[in-house]
Amino acid sequence: MFATLRQNQPIMETSSNYGAFIERFLLPPSSSPPGHAPLPLTSLTFAVKDIFDVKGYVTGFGNPDWLRTHPVATSTAPTVLTLLKAGAACVGKTVMDEMAYSINGENIHYGTPINPCAADRVPGGSSSGSAVAVGAKLVDFSLGTDTGGSVRVPASYCGIFGFRPSHGAITESGVTPMAQSFDTVGWFARDPKTFTSVGRILLQLTEVSAVRATRIIIADDCFRLSSTPFDLITQVVTKAAEKLYGGDVLKHENLGDYVKDNVPSLNHFMTKEKTDQVYNIPSLAALSSAMRSLQRFEFKSNHGEWISAVKPNLGPGISERVSEALYATGEDTDICHAIRRELRDALTSLLGVFSLTHV
């Protein structure tokens, strides 16, 4: 489902670049020595979200005041260097939501990149330009970051592949933090081959063997939140799983109850949640509240001093979220970290080795 553009929200009029880029340049790739096989990403081009450091350029973080008040980067983010060394060429930086604090993909200052799948709908964010650049075939792949959906959402909206790896799987050095307990580096591509090739470089996977799922868990309560009939969705998943792995790997689970029973520290947030809302799983809603609480406090810790000093011009939606973050006290921080530990242990126990969860 797409959201429509806000009225009076500027978009880039240049159809040739879809408003995806905030700055174009060329970082040339490495080349293989004479007589050696081509590097794995030879001939591919990519772009990076304006949250990655590139030597000689200011990392703009989606906001002109940030750009104006920060120095030129003296080094390039290791992740970008890794891709250059693998043979890909970087051709520029892409538009992003201000301070990475939205998943809509709108930017009041630089314009909203045009969704190549539906020009009258937002592209999703905060890695909006990176997704659009790939979807519009301006580059072969791109880098984004994902704190709360900022790779997954625009990938979905723009009809491409996007991946948020496990936290810490790819270095975040040289990346402006949003909320470091949740920040991850992810990537986009249009086709599975490129997507896999880039992933092998970023995740440092020299040899990858096929993995057979030993358990596929269908979260029944989550599927029931969908407007699509429950039976219709589960039938598709069940048939695909049985064809690939056999019926013995399937397991049904009420994820909300499982989380409630296995994450005791979550009770601190459960008492604050309204449980009479339609389409609400109380324990998962409480998880969301805990995540937002920690995210706000970390954002304030990272950027609150700069915001108070500079008083940047922030667009609608962003301004309200930033203001709310500035009031964060951090009183729940220890509880939030306990929830993370308990949830990680609970999911590890639920999933086992080489399992897949569908929610």
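Residues numbered from 1 in each chain as written. Predicted model: local features only at pLDDT ≥ 70, side-chain atom pairs only at ≥ 80, totals over all residues. Heavy atoms only, no water.

- Under an unreviewed UniProt entry, the name given to the protein is Amidase domain-containing protein, and the organism recorded is Arachis hypogaea.
- The UniProt entry for the protein carries the following comment under Sequence similarities (unreviewed entry): "Belongs to the amidase family." (UniProt positions renumbered as here; feature names shortened; annotations may be inferred.)

## A short note on the overall build of the protein
Next up, step 1: The helix and strand tally for the protein stands at 12 helices and 9 strands.
Next up, step 2: Here the C-alpha atoms of the protein give a radius of gyration of 21 Å, agreeing with the 21 Å that 2.2 N^0.38 yields for 359 residues.
Next up, step 3: Expressed as a percentage of the 359 residues in the protein, the buried residues total 48%.
Next up, step 4: Sequence-distant contacts in the protein: of pairs separated by 6 or more residues, those separated by 24 or more amount to 75%.
Next up, step 5: Within the protein, the 34 negative side-chain charges are centred at a point lying 4 Å from the centre of the 31 positive side-chain charges. (Helix = DSSP H or I, 4+ residues; strand = E, 2+ residues; numbered from the N terminus. Rg over C-alpha atoms; globule rule 2.2 N^0.38 Å. Buried < 20%, exposed > 50% of the residue type's maximum accessible area, 1.4 Å probe, protein only. Contact = heavy atoms within 4.5 Å. Lys, Arg positive; Asp, Glu negative; His and termini not counted. Charge placed at Lys NZ, Arg CZ, Asp CG, Glu CD.)

## Describing the packing of aromatic side chains
Next up, step 1: Counting across every chain of the model gives 9 aromatic pairs.
Next up, step 2: With a centroid separation of 4.9 Å and an interplanar angle of 65°, the aromatic rings of Phe61 and Trp66 are classed as edge-to-face. Pair check on accessibility: Phe61 and Trp66 agree, each one buried.
Next up, step 3: Here the aromatic cluster, defined as three or more aromatic residues joined through ring pairs, consists of Phe161, Phe163, Trp187 and Phe195. (Phe/Tyr/Trp six-rings, centres within 6.5 Å; stacked < 30°, edge-to-face > 60°.)

## Digging into the sheet that holds strand 5 (residues 161-163)
Next up, step 1: Reading across the sheet, the 6 strands line up as 1-3-2-4-6-5 and stay open at both edges, with mixed pairing between neighbours. If you trace the sheet from one side to the other, it starts and ends with strand 1 (21-27) and strand 5, each paired once. On average, adjacent strands in this sheet sit at an angle of 25° to one another, irrespective of strand direction.
Next up, step 2: Bridge count between strand 4 (residues 141-146) and strand 6 (residues 184-189): 6 bridges; the pairing is antiparallel. In the strand pairing of strand 6, Leu143 is matched with Trp187.
Next up, step 3: Packing against the sheet, helix 3 (residues 128-135) makes contact with strand 1, strand 2 (45-49), strand 3 (89-94), strand 4 and strand 6, and its axis sits at approximately 155° to strand 4. (Pairing = 2+ DSSP bridges. Axes fitted to C-alpha atoms, helices over the stretch in contact; angles between N-to-C directions.)

## Structural notes on unusual backbone geometry
Next up, step 1: For the bond from Gly125 to Ser126, the omega torsion is 5°, close enough to zero to count as cis.
Next up, step 2: By the element assignment, Ser126 lies in the loop between strand 3 and helix 3.
Next up, step 3: At Tyr18, a residue that is not glycine, the phi angle is positive and equals roughly 60°.
Next up, step 4: Take Tyr18: it is sitting in the segment before strand 1.

## Re the UniProt feature "domain: Amidase" (unreviewed entry) in the protein
Next up, step 1: Here, the residues flagged by UniProt with the feature "domain: Amidase" (unreviewed entry) are residues 35-191.
Next up, step 2: Across residues 35-191, helical content stands at 18% and strand content at 17%; the span's end C-alpha atoms are separated by 29 Å.

## As for the state of the cysteines
Next up, step 1: This structure, assessed with the given rule, holds 0 disulfides.
Next up, step 2: Between Cys90, a cysteine without a disulfide, and Cys158, which holds the nearest cysteine sulfur, the sulfur-to-sulfur distance is 19 Å.
Next up, step 3: Considering cysteine sulfurs only, Cys117 is the nearest to Cys158, which forms no disulfide, with 6.1 Å between them. (Disulfide = S-S within 2.5 Å.)

## Topic: the domain arrangement of the protein
Next up, step 1: If you check the domain split of the protein, you get domain 1 (21-203) and domain 2 (212-358).
Next up, step 2: Centre-to-centre, using C-alpha coordinates, domain 1 lies 25 Å away from domain 2.
Next up, step 3: Contacts between the two partners involve 23 residues from domain 1 and, on the opposite side, 22 residues from domain 2.
Next up, step 4: Summed over both partners, the interface of domain 1 with domain 2 comes to about 1900 Å²; 63% of that surface belongs to carbon and sulfur atoms.
Next up, step 5: Three residues stand out in domain 1 for area buried against domain 2, namely Met99, Tyr101 and Phe182, and they jointly supply 35% of the buried area on that side.
Next up, step 6: Where domain 1 packs against domain 2, one counts 0 salt bridges.
Next up, step 7: Our enumeration of links across domain 1 and domain 2 arrives at 12 residue pairs in polar contact (both at pLDDT 80 or more).
Next up, step 8: Partitioning the side of domain 1 that touches domain 2 into residue classes produces 9 nonpolar, 11 polar and 3 charged. (Domains from an automatic or database assignment. Buried area = accessible area lost by both parts, 1.4 Å probe. Salt bridge = Lys/Arg side-chain N within 4 Å of Asp/Glu carboxyl O. Polar contact = N/O pair within 3.5 Å; in protein donor to acceptor, adjacent residues only side chain to side chain. Nonpolar A, V, L, I, M, F, W, Y, C, P; charged D, E, K, R; others polar.)

## Remarks on the pattern of salt bridges
Next up, step 1: By the definition in use, this model includes 8 salt bridges.
Next up, step 2: For Glu253, the salt bridge is made with Lys251, and the minimal N-O distance between the two is 3.7 Å.
Next up, step 3: Salt bridges here are not isolated pairs; linked through shared partners, they connect Asp146, Arg152 and Arg164.

## Re helix 10 (residues 282-310)
Next up, step 1: The end-to-end C-alpha distance of helix 10 is 39 Å, a good match for the 42 Å that 29 residues give at a rise of 1.5 Å each.
Next up, step 2: A maximum bend of about 60° is found in helix 10 at His303.
Next up, step 3: In the segment just after helix 10, Lys311 is the residue with positive phi, at about 55°. (Expected span 1.5 Å × (residues − 1). Bend = angle between axes of the 7 residues up to and from the residue.)

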